[in-house]
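Residue-level listing of the chains:
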Amino acid sequence: MPSSVPTLPQPPHTSVVPEAGARETSTLAALRDPKRLRTEVLAGLVVALALIPEAISFSIIAGVDPRVGLFSSFVMAVTIAVVGGRPAMISAATGAVALVIAPVAREHGLDYFLATVILAGLLQIVLSVLGVAKLMRFIPRMVMVGFVNALAILIFMAQIPHLVGVPWLVYPMVGLGIAIMVALPRVTTAVPAPLVAIVAITTLVLANGWSLPDVADQGELPRSLPELLIPNVPPTLETLRIIAPYAVAMALVGLLESLMTAKLVDGITDTHSDKTREGWGQGVANALSGLFGGMGGCAMIGQTMINVKVSGARTRISTFVAGVFLLALVVGAGDAVGMIPMAALVAVMIMVSVATLDWHSISPSTLRRMPHSENLVMLITVVVTVATHNLAYGVIAGVNAAIIVFARRVAHFASVERVGDADVDGDGTVDERVYKVTGELFFATSNDLVYQFDYSGDPQRVVIDVSDSHIWDASTVAALDAVQAKYERLGKSVEIVGLNRSSAHRHRQLSGHLGESH
């Protein structure tokens, strides 16, 4: 609703924050500033090291060779750095996407798997152009909070297999890594603390000859560059029937996770991103990933938090460098990378988990202050996400819970009041009664409308005044039809007055065409 208060000219200093945000994410500005460029490059190196075991693990989940996940992470990171709409966000192979399309590789082979990834990318481009990113505005804050907290839990849970059934030296090494990342930023931020932790633990383990699980244990690293590959599948409707359901699921899961992560990074950096561009950028990245033999993916919350929150990166440089470093490390320095102890990377991801969790949202004072319904929405989002290991399911469940909570809350805002009786014929008896309906009328508020009138006790003529309400949907029109039908069966007339233009149009269009009124 437009405000009647005139807009006052803004003083010059009000533009400082947006301009500062724009400078902060500017690639050219970072290239001209050696200190910022160093931060971006080192952040990209840390992310690349963290991506390697993750990409290998997700390849195993998808049932494909580790090279498929590693090549996908390289292609997606480099591509999204150029075409994406959220600077500094990391996109690569992910577990959610791997789970969705794993049946294709298992049942139909690698070619159909890659064709599915390419089709999913094309679908993401189409959906983004059609404006699917605008739906982000309908995700409530408590769903976002639940999303963030569930991510923190999942990131931590993903580290548990690396902490069970391992040599006892793993535990002090993880503790050392955490200590370094907690203490070092208090002394200096010149070098990202995660990078220092990885180098220190690797050096210590190698110098002492300790035998600990390392990156090489996660799978064989590729020895060659990715090559352009056209999937060898017949261009038939049968092929489309096989891959389309998985491609649609992958496109939707990827878009949802990426747009949610972009919104999260917007809040952390106090900058705005182009969600539509990010959406079709994800599509381009996935399509190219499939063409170069990759498994596709989407935004990675854990690596994005390493990049943005832990390492302090803000531009596309860090994302691009992460992709380049990833390929260079696995192809050119695979043996050296393979010697990095998993304990070092586990320590990094545990710190990411701690940094990701919204501790304020679960503090006792906050939980007591927030309405129970809001806490319930957050809890449902967390529980469903953690139980299914699928962020998309959790967000959908949280949004549905929020809709139900909202509907229940506003269902009591509409009221029906008897405001007057009239003796129209002048014979001393009441022959007209006026009811006034107040509030917004939609499916949640109008279902009880039919029970608010005294059908047998009312006079022959009834007027229903809706000038202080608005008809929003067919449920309300059906309820008003039912009220009229009840009066007419008793031989009484009903007139509905006070309809605004929109309500009158909806009532005129639907009344009498919604089936039998009871």
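In this report, we go over the structure that sits alongside the text. Here the structure is a predicted model, which means the values were calculated and not measured. (Residues numbered from 1 in each chain as written. Predicted model: local features only at pLDDT ≥ 70, side-chain atom pairs only at ≥ 80, totals over all residues. Heavy atoms only, no water.)

A look at the nonpolar core
Item 1. Grouped together as the largest cluster of nonpolar side chains are 113 residues, with contacts concentrated most on Ile 52, Phe 113 and Ile 139.
Item 2. Once you skip the residues sitting within four places of it in the chain, Ile 52 turns out to touch Leu 70, Val 215, Leu 221, Leu 326, Leu 329, Val 330 and Val 337.
Item 3. By size, the runner-up hydrophobic cluster in this structure holds 21 residues, among which are Phe 453, Ile 464, Ala 479 and Val 494. (Core = buried A, V, L, I, M, F, W, Y, C linked by side-chain atoms within 4.5 Å. Buried < 20%, exposed > 50% of the residue type's maximum accessible area, 1.4 Å probe, protein only. Contact = heavy atoms within 4.5 Å.)

Quick word on the environment of Arg 223
Item 1. Structurally, Arg 223 is set in the loop between α9 (193-208) and α10 (237-269).
Item 2. Taking C-alpha positions, Arg 223 is 9.4 Å from Ala 333, a pair spaced 110 residues apart along the chain.
Item 3. If we skip the residues at most four places from it in the chain, Arg 223 touches Val 331 and Asp 335. (Helix = DSSP H or I, 4+ residues; strand = E, 2+ residues; numbered from the N terminus.)

Some words on helix α3 (residues 34-62)
Item 1. The end-to-end C-alpha separation of α3 is 41 Å, in line with the 42 Å expected for 29 residues at 1.5 Å each.
Item 2. The largest bend in α3 comes to about 30°, at Leu 51, with the proline Pro 53 one to four residues further on.
Item 3. Residue Asp 33 occupies the N-cap position of α3, its side-chain oxygen lying 3.1 Å from the main-chain nitrogen of Lys 35.
Item 4. Taken from the residues just after α3, Gly 63 is the one with a positive phi, measuring 80°. (Expected span 1.5 Å × (residues − 1). Bend = angle between axes of the 7 residues up to and from the residue. Polar contact = N/O pair within 3.5 Å; in protein donor to acceptor, adjacent residues only side chain to side chain.)

Brief notes about the side chain of Asn 307
Item 1. Looking at where Asn 307 falls in the secondary structure, it is placed in helix α12 (residues 301-310).
Item 2. Asn 307 gets classed as buried once you look at its relative accessible area, which sits at 0%.
Item 3. Apart from residues no more than four positions distant in its own chain, Asn 307 is found in contact with Ala 43, Gly 44, Val 47, Ala 88, Ile 90, Gly 312, Ala 313, Ser 318 and Thr 319.

Topic: the pattern of salt bridges
Item 1. Counted according to the given criterion, the structure contains 11 salt bridges.
Item 2. In this structure, Arg 433 engages Asp 421 in a salt bridge whose closest nitrogen and oxygen atoms are separated by 2.7 Å. Taken together, the residues span a long stretch of sequence, with Arg 433 in strand β4 (residues 432-441) and Asp 421 in strand β3 (residues 415-422) at a distance of 12 residues.
Item 3. By relative accessible area, Arg 433 is classed as buried at 9%.
Item 4. Between Asp 468 and Lys 436 there is a salt bridge whose closest N-O contact spans 3.3 Å. Separated by 32 residues along the polypeptide, Asp 468 in strand β5 (residues 461-471) and Lys 436 in strand β4 bring together distant segments of the chain.
Item 5. Several salt bridges converge on common partners, so that one network encompasses Arg 86, Asp 266 and Lys 275. (Salt bridge = Lys/Arg side-chain N within 4 Å of Asp/Glu carboxyl O.)

Things to note about unusual backbone geometry
Item 1. If you check the backbone angles, Ala 88 has positive phi at about 75° while not being a glycine.
Item 2. With respect to the helices, strands and loops of the structure, Ala 88 is situated in the loop between α4 (66-83) and β1 (91-92).
Item 3. Here Ala 88 falls in the buried class, since its relative accessible area comes to 2%.
Item 4. For Asp 270, which is not glycine, the phi torsion reads 55° and is therefore positive.
Item 5. Note on placement: Asp 270 falls in the loop between α10 and α11 (275-291).

So, a nonpolar patch on the surface
Item 1. A surface patch of nonpolar side chains, amounting to about 350 Å² of accessible area, comprises Val 354, Trp 359, Ile 362 and Leu 367.
Item 2. Ile 362 sits in the partly exposed class, given a relative accessible area of 36%. (Patch = residues over 30% accessible without salt bridge, like charges linked within 9 Å, V, L, I, M, F, W, Y side chains within 5 Å. Areas by Shrake-Rupley, 256 points an atom, 1.4 Å probe, with all protein chains shown as cover.)

Side note on the sheet that holds strand β6 (residues 493-497)
Item 1. Taking strand neighbours across the sheet as the criterion, the four strands line up as β3-β4-β5-β6 in an open arrangement whose pairing is mixed. Strand pairing shows two members of the sheet lacking a second neighbour, β3 and β6, which therefore form its edges. For this sheet the average axis-to-axis angle between neighbouring strands, irrespective of direction, equals 20°.
Item 2. In terms of strand pairing, β5 meets β6 through five bridges, oriented parallel. Along β6, the bridge assignment pairs Val 463 with Glu 495.
Item 3. The strands touched by helix α20 (residues 474-489) are β4, β5 and β6; relative to β5, the strand with the most contacts, the crossing angle is about 175°. (Pairing = 2+ DSSP bridges. Axes fitted to C-alpha atoms, helices over the stretch in contact; angles between N-to-C directions.)

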